[in-house]
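Residue-level structure breakdown
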Amino acid sequence: MAEAGSFADRVKQQADIVRVVGEYVRLKKSGQNFTGLCPFHAEKSPSFAVHPTKQIYHCFGCGVGGDVFKFVMEMEKCAFPEAIRIVAEKCGIAVPRQKERSPEERKENQQRALLVEMHREAQTFFVKQLEATLEGKAAQAYLEDRGLDKEAMTRFGIGYAPSGGDALLRHLKPKGNEKLLVESGLVSLDQSGGRLFDRFRRRITFPIANESGKIVAFGARALGDDMPKYLNSPETPIYSKSNVLYHMDRAKEGIRRQDFAILVEGYLDAIAVARAGISNVVASCGTSLAEPQIKLLGRFTRRVIVNYDPDAAGQIATERSLSLLLEQDFEVRVLALPPIGNKKADPDLFIREKGAEEYLKLLKEALPYVDYLIARARQMDLTSGEGKRQAVNFLLPYVQKIPNRILRSEWATRIAQQLRLDEPVLRAALSKAAAERRSELKIQPELVARAAKPVERRLIRMLAEAQGFRQELAKQLQNARLYHGLETEKIFEALVIASLSGQPVQATEVGAALEDRDRRLLFEILFEEANEPTWEEAMSCIEALQHRRAERELADVQRSIEANPPGQELRGLLEKKQELMRRLAAAR
């Protein structure tokens, strides 16, 4: 038997029995299970079944059955320790150096069993404290204010650690010696090493179970202003935070059935989503997602929707999780919830304020991860070549992880359109960087091309020098907002202000108001040879800018249409598309 917290237990949690058995038996999906011809007796019709959620196999013909270790022991005719090693190697899990089973090791296994029992006792204690004490009543009031009724508190095993400091210690003392109490992570030793006290004090407790449902740790939220707001169990012989996902023991059936998981940050987020009727939700317990947790997820699905908090820390965690999930070949989408009033909304707040139906609607519309990342990149300063280079460098590590070359090419097109880059040059730069396994683009001049199109350069020259009509030209450009979003926006802005002042335009004064890159570009344009400007030429340049803007708007509308919005919104988009196409056709 794989004891909680042992290496065998970790291997069993991360191993995929379908994958292991599939190396010996040709399996075919049948409903929620997989079936095939039994390898242990001769048969022509398949009666051998593998249950991927329960991680067991059974033959309805000859009656054999068991877990992944039993299967390997039978197939390889080996002992239990050798089966652990084989399964670990098949699943890419590093095997520690083999040691002889000693009395000390046997003692450690017994201690792990005691630690599991100790956590079961602690859970019972915390629940009683919540239900039967005055402090617990205050904690209940807080939870009710957060939208949790008594049924929810019972369902998720929520409890309360009292403020006294040694209540749990006194309760657990008969269960083990002082050393074992400290090893459990439930009790701490003060710095002098002379006094034991409860780790969790005046905190609401959330039991953390491993995938098989055994409580191995706790997360605890401060009831008052104590810091940190959330305090988790430390690493112990039965708990490694990188190997456990909160709510996985309850979510695994739903994840397997719906073939995707929702990944949130905290306990209350997971509870809120689960209470909304969405059982396939797990939480990374406020820590960064780790590779063993991803392998655990991979036993049940290869599809994940990441719905972390929208603050800066949540965005960083989202991006790091995306990177790890893509490396493990997951299909990933991202749900970024809109704010509630002036508050950034996590899943808990959003569901309480907007309801489960609205959350489900947004869940179905969750963006593919590249679209989410492009939206993040567009928040950067894209008015300069350097800003665009930084945006592409932000995206590149993720694009490189797309294994399918055709899909990678499609995303290159979308990145070029949305960041307004020269697509062939971007595509070539991405291919070169991917081939060389670089995470940064260094081909800056080609990527951003010339810093200004000919039409822009000509209009800039007119604003600086056309004494007869530059003021009227500045008015038209400003009223139509034609230079907004252009690479040269800052130069236009400075020249328009100077032209509308009615005073002669002084290039040195305009240049002094610009950043170094824009100032250099302005002087480069002013030194170019050019014909005497005319009003007819100015109008032609304005029409060219209007045409270019209409093309950009049409591309944006088309992308919105492809996102398949609701009926009323779709009708509006189709009407706008027709109007833009008419405008463009008339300009030809």
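How each quantity is defined
- Residues numbered from 1 in each chain as written.
- Predicted model: local features only at pLDDT ≥ 70, side-chain atom pairs only at ≥ 80, totals over all residues.
- Heavy atoms only, no water.
- Helix = DSSP H or I, 4+ residues; strand = E, 2+ residues; numbered from the N terminus.
- Buried < 20%, exposed > 50% of the residue type's maximum accessible area, 1.4 Å probe, protein only.
- Contact = heavy atoms within 4.5 Å.
- Areas by Shrake-Rupley, 256 points an atom, 1.4 Å probe, with all protein chains shown as cover.
- Pairing = 2+ DSSP bridges.
- Axes fitted to C-alpha atoms, helices over the stretch in contact; angles between N-to-C directions.
- pLDDT = per-residue confidence, 0-100.
- Core = buried A, V, L, I, M, F, W, Y, C linked by side-chain atoms within 4.5 Å.
- Parallel < 35°, antiparallel > 145°, perpendicular 65-115°, else oblique.
- Left-handed = near helix turned anticlockwise from the far one by under 90°.
- Nonpolar A, V, L, I, M, F, W, Y, C, P; charged D, E, K, R; others polar.

1. Regarding the overall build of the chain
When helices and strands are counted, the chain shows 27 helices and 16 strands. Expressed as a percentage of its 588 residues, the buried residues of the chain come to 48%. Within the chain, counting contacts between residues at least 6 apart in sequence, those at least 24 apart form 64% of the total. If you sum the accessible surface of the chain, you get close to 29,600 Å²; carbon and sulfur atoms cover 50% of it.

2. What about the sheet that holds strand β12 (residues 261–264)?
With mixed pairing, the 5 strands of this open sheet are ordered in space as β13-β12-β14-β15-β16. For this open sheet the edge positions go to β13 (281–283) and β16 (367–368), each flanked by a neighbour on one side alone. Strands β12 and β13 of the sheet are contacted by helix α11 (residues 267–275), whose axis makes an angle of about 175° with β13.

3. A closer look at the confidence of the model for the chain
This prediction gives the chain a mean pLDDT of 84; 90% of its residues lie at or above 70. Least confident of the elements in the chain is helix α20 (residues 444–448), whose mean pLDDT is 48; most confident is strand β9 (residues 203–209), at 96.

4. A closer look at the side chain of Asn 243
Tracing the backbone shows Asn 243 in the loop between β11 (230–232) and α10 (248–258). Apart from residues no more than four positions distant in its own chain, Asn 243 is found in contact with Arg 10, Gln 13, Gln 14, Pro 292, Gln 293 and Leu 296.

5. As for the pairing of strand β4 (residues 56–59)
Burial along β4 is one-sided: Tyr 57 and Cys 59 are buried, and none of Ile 56 and His 58, which face the opposite way, are. Strand direction decides the pairing type here: strand β3 (residues 48–51) and β4, joined by 4 bridges, are antiparallel. Counted as the bridge partner of Ala 49 is His 58 from β4. In textbook terms, the turn of a hairpin is the stretch between consecutive antiparallel strands, and for β3 and β4 this stretch comprises 4 residues, one of which, Gln 55, has a positive phi near 60°. Where β4 and strand β5 (residues 65–66) come together, 2 bridges link them in antiparallel fashion. When the bridges of β5 are listed, Tyr 57 appears paired with Gly 66.

6. What to know about the nonpolar core
Buried together is how nonpolar side chains tend to be arranged in soluble globular proteins. Counting residues in hydrophobic clusters, the biggest one holds 67 residues, and the most contacted among them are Ile 158, Leu 186, Ile 204, Tyr 246, Ile 262 and Tyr 359. Once residues within four sequence positions are removed from consideration, Ile 262 is found in contact with Val 273, Ile 278, Asn 280, Val 281, Val 282, Ile 305, Asn 307, Tyr 359 and Leu 363. Core analysis: the next-biggest nonpolar cluster, separate from the first, contains 41 residues, Leu 289, Ala 317, Tyr 372 and Tyr 398 among them.

7. Description of the packing of helix α21 (residues 454–465) against helix α22 (residues 470–480)
How two helices sit against one another is set out by the angle between their axes and by the gap between those axes. Contact geometry of α21 with α22 gives a least axis separation of 8 Å together with a crossing angle of 130°. Looking at the two axes, α21 sits oblique to α22. Considering the relative orientation of α21 and α22, their crossing is left-handed. Contacts from Leu 459, Met 462 and Leu 463 of α21 reach α22 at Arg 470, Leu 473, Ala 474 and Leu 477.

8. Regarding the sheet that holds strand β1 (residues 28–30)
As summarised here, the arrangement of the 5 strands in space is β1-β2-β3-β4-β5, forming an open sheet in which the pairing is antiparallel. A single partner strand is all that each edge strand has here, and the edge strands are β1 and β5. Contacts from helix α3 (residues 68–76) reach β3, β4 and β5, with the element oriented near 55° to β4.

9. Topic: the packing of helix α1 (residues 7–14) against helix α4 (residues 80–90)
It is the contact of α1 with α4, at a shortest axis distance of 10 Å, that shows an interaxial angle of 40°. Of the possible angle classes, the one that applies to α1 and α4 is oblique. Where α1 crosses over α4, the two elements pack in a sense that is left-handed. In contact with Phe 7, Ala 8 and Val 11 of α1, α4 contributes Phe 80, Ile 84, Val 87 and Ala 88. Among the residues forming the contact of α1 with α4, the class breakdown is 7 nonpolar, no polar and no charged.

10. Things to note about the environment of Phe 469
Tracing the backbone through its elements, the reader meets Phe 469 in the loop between α21 and α22. We classify Phe 469 as buried; its relative accessible area is 15%. Along the primary structure Phe 469 and Trp 535 are separated by 66 residues, whereas in three dimensions their C-alpha atoms are 7.1 Å apart. Not counting chain neighbours up to four residues away, the residues in contact with Phe 469 comprise Met 462, Pro 533, Thr 534, Trp 535 and Ala 538.

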